Amino acid sequence: MPEVPEMRLWVVIPAYDEERSIGATLRRLTEQTDTGFSLVVVDNGSTDGTARVVKEFAAEHPALDVRLVHEPEKGTGAAADTGVRHAITAGATHVARTDADCLPHRGWVAAVKRAFGEGLEMVSGPLLPRTDEFPLKFWERRLLPAVIGAAALFGRFRPGNRDPLYLGPYVMMPGCNVAITADLYERSGGFPRTRIEDVHEDRALVNRVRRLTAAYGLRKDVTVYGSVRRLRAFGLVRTLGWYADHRYRPPVVDIR
């Protein structure tokens, strides 16, 4: 059998003013069943203590390779791209991204590696509501998955996602729960260096990948728990509008 190259996985976390949230995300990563990864946090011009929290965490967990880089160009796309390219330059063969207000399932890293081992070049999975931030109302528990499902359904029929040149069907892959090979990331051009107000960079990356390969998909065990703060702030209808090509544009995007 041909020798399988060593998988060098990096996790990327873009962060903007997440002093209150990122500590829980970092701690969850130390609790992974598979700790064979390196971590880079991209401080996207934070005005609070985000960088300090990351530095303190790194000092308290010397066994985990933690890097902190800075990206002054505002935008989730720009910050995520900077983080992924930093990881690749440092030797990453595979990169997974989550966000600074999210909690990956404790088996997330292991599940991502299994998916790559099965031959996928890009993988995502369920985004479920966090229950530790504050008591969730019944509708919030039920509606975050429903909102994600509605956005995914809309995406299947959105004209921009139906180009005959695509090699596979549209699949919604939230930026806070996505992993990709370094090779495919570079070949596709990666995340567009944009603000989330302008472009949903995760959807743009999916469509870039679809022009190159059909080796992407969802796995039920690649699970991340996300904040419901945007859903709580915007409400159901406006949240749906936000995900549907920014038909709703809030006066404040960075909900904290």
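Refer to the structure printed above.
The sections below set out a description of the structure shown in this document.

Cut-offs applied
Residues numbered from 1 in each chain as written. Predicted model: local features only at pLDDT ≥ 70, side-chain atom pairs only at ≥ 80, totals over all residues. Heavy atoms only, no water. Disulfide = S-S within 2.5 Å. Buried < 20%, exposed > 50% of the residue type's maximum accessible area, 1.4 Å probe, protein only. 1 Å grid on protein atoms, 1.4 Å probe; cavity = no way out; pocket = protein on both sides within 12 Å on 5 of 7 lines; lining within 4 Å. Points joined across faces, edges and corners; volume = space filled by probe spheres on them. Nonpolar A, V, L, I, M, F, W, Y, C, P; charged D, E, K, R; others polar. Pairing = 2+ DSSP bridges. Helix = DSSP H or I, 4+ residues; strand = E, 2+ residues; numbered from the N terminus. Axes fitted to C-alpha atoms, helices over the stretch in contact; angles between N-to-C directions. Phe/Tyr/Trp six-rings, centres within 6.5 Å; stacked < 30°, edge-to-face > 60°. Lys NZ or Arg CZ within 6 Å of the ring centre and 35° of its normal. Core = buried A, V, L, I, M, F, W, Y, C linked by side-chain atoms within 4.5 Å. Expected span 1.5 Å × (residues − 1). Contact = heavy atoms within 4.5 Å.

Digging into the state of the cysteines
Taken as a whole and judged by the stated rule, the model has 0 disulfides. The thiol of Cys102 is not disulfide-bonded; the next cysteine sulfur, from Cys176, is found 4.0 Å away. The class for Cys102 is buried, based on a relative accessible area of 3%.

As for the layout of surface pockets
Estimates place the volume of the second largest pocket at around 210 Å³. Surrounding the second largest pocket, Asp17, Glu18, Glu19, Arg20, Ser21, Ala24, Asp48, Arg130, Glu133, Phe134, Arg229 and Arg256 form its lining. Here the lining of the second largest pocket is composed, by residue class, of 2 nonpolar, 1 polar and 9 charged.

Considerations on the sheet that holds strand β2 (residues 38-43)
Ordered by their spatial adjacency, 7 strands build an open sheet running β3-β2-β1-β4-β8-β6-β9, and the pairing between neighbours is mixed. If you trace the sheet from one side to the other, it starts and ends with β3 (66-70) and β9 (216-218), each paired once. For this sheet, the mean inter-axis angle between neighbouring strands, taken without regard to orientation, is 20°. Both strand β6 (residues 122-124) and strand β8 (residues 178-181) contribute to a ladder of 3 bridges, which runs antiparallel. Among the inter-strand pairings, Val123 is bridged to a residue of β8, identified as Ala179.

Topic: empty space enclosed by the protein
Applying the stated rule across the entire model yields 2 cavities of 30 Å³ or more. Estimates place the volume of the second largest cavity at around 40 Å³. Around the second largest cavity, the lining residues are Val84, Val95, Ala96, Arg97, Val178, Ile180, Tyr185, Phe191 and Leu205. Among the elements that line the lining of the second largest cavity, the one with the most residues is strand β4 (residues 94-97), at 3 residues.

What about the packing of aromatic side chains?
Under the definition given, this model contains 1 aromatic pair. Relative to Phe191, the ring of Tyr185 has its centre 5.9 Å away and its plane inclined at 65°; by these criteria the two rings are edge-to-face. By relative accessible area, which is 0% here, Tyr185 ends up buried. The ring of Phe191 carries the charged tip of Arg97 above its face, separated from the ring centre by 5.2 Å.

Quick notes on the nonpolar core
Counting 31 residues, the largest nonpolar core has Ile13, Ile22, Leu39 and Trp108 as its most contacted members. Mapped by element, the contributors of at least two residues to this core are β1 (9-15), α1 (22-30), β2, α2 (50-60) and α4 (108-117). Broken down by element, this core gets its largest block of residues, 6 residues, from α4. Counting 27 residues, the second largest nonpolar core, distinct from the first, contains Val84, Ile88, Val95 and Met173.

Examining the sheet that holds strand β10 (residues 224-226)
Across the sheet, 3 strands lie side by side as β5-β10-β7; this open sheet has mixed pairing. Two strands close off the open sheet at either side, each with one partner strand: β5 (103-104) and β7 (127-129). Two strands pair when backbone bridges link them, and β5 and β10 are joined in this way by 2 bridges, in the antiparallel orientation. Of the residues in β10, the one forming a bridge with Pro104 is Val224.

Notes on helix α3 (residues 76-89)
The end-to-end C-alpha separation of α3 is 20 Å, in line with the 20 Å expected for 14 residues at 1.5 Å each. The element α3 is largely enclosed, with a buried count of 10 among its 14 residues. For α3, the secondary structure elements touched by its buried residues are β1, β2, β3, β4, α6 (182-188) and α7 (201-210). Gly91, located one to two residues past α3, shows a positive phi value of around 115°.

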